[in-house]
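Tertiary structure, described
Read off the chains here:
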Amino acid sequence: MRSEEILKRVDHTLLKPDASWESVERLCEEALEYHTASVCIPPCYVERVRKRFEGLTICTVIGFPLGYGVTAAKVEEARQAVCDGADEIDMVVNITDVKNHRYKAVEAEIRAVREACRGHILKVIAETCYLTGEEKIAVCEAVTRAEADYIKTSTGFGPGGATLEDVRLFREHIGPQVKIKAAGGIRTREALEAFLSAGCDRVGASCAVEVLRKER
């Protein structure tokens, strides 16, 4: 797989809590130079990046990284992100609702955020490291029914990241219109290729540009 083909499916990511404007600016410059799918950045930088970088696809995060904020807060976060110029929204599922098997509440929350950012891409982060197989399947079903665009494996902040096993499970249980994004711990060319080959349409990674640039 050519480096260019990989990069166009990478969400070039910087979500560190101490991310400076200089580091975000550098991320955006790399994304434009290497033609990544998007940059994934903290919500507080979305408006500034939109004004500074024309033609850049901006992704941001909602309810991040723990997911247990109330639905109204997530909805308002999503609305503000879109207002500020975000093209794509990665929301963390309410993991406590999943663990309590309140799957209708999970679906209702995803649907509410879906409505708040209608016309923009919505990715739902399952944070699979905390979930059983049954719970992962239930999230797949909720994401499908709520008409989200993607299901995403991980925030990168939990005790575990993306696994090929979870990608295969997602592929079995999501609807045909739902795509898969893998994120968390994907740090080599081999890993990037493996997740894309397994059926991911996007990969979230902070070091993909650095890794693939060295191979040019």
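Above this text you will find the structure in question.
Throughout what follows, the structure given in this document is the object of discussion. (Residues numbered from 1 in each chain as written. Predicted model: local features only at pLDDT ≥ 70, side-chain atom pairs only at ≥ 80, totals over all residues. Heavy atoms only, no water.)

Mapped onto the fold, Glu 135 is located in helix α7 (residues 133-145). The exposure class of Glu 135 is buried, given its relative accessible area of 4%. Only 3.2 Å separates the side chain of Glu 135 from the side chain of His 101, close enough to count as a polar contact. There is a polar contact of 2.8 Å between the side chain of Glu 135 and the backbone nitrogen of Thr 132. Discounting residues that sit within four places of it in the chain, Glu 135 has contacts with Val 98, Lys 99, His 101, Tyr 103 and Tyr 130. (Helix = DSSP H or I, 4+ residues; strand = E, 2+ residues; numbered from the N terminus. Buried < 20%, exposed > 50% of the residue type's maximum accessible area, 1.4 Å probe, protein only. Polar contact = N/O pair within 3.5 Å; in protein donor to acceptor, adjacent residues only side chain to side chain. Contact = heavy atoms within 4.5 Å.)

Right, let's talk about unusual backbone geometry for a bit. With an omega dihedral of 0°, the bond running from Phe 64 to Pro 65 counts as a cis peptide bond. Here Pro 65 is to be found in the loop between β3 (58-62) and α4 (71-84). A positive phi angle, near 50°, is found at Glu 127, a position not held by glycine.

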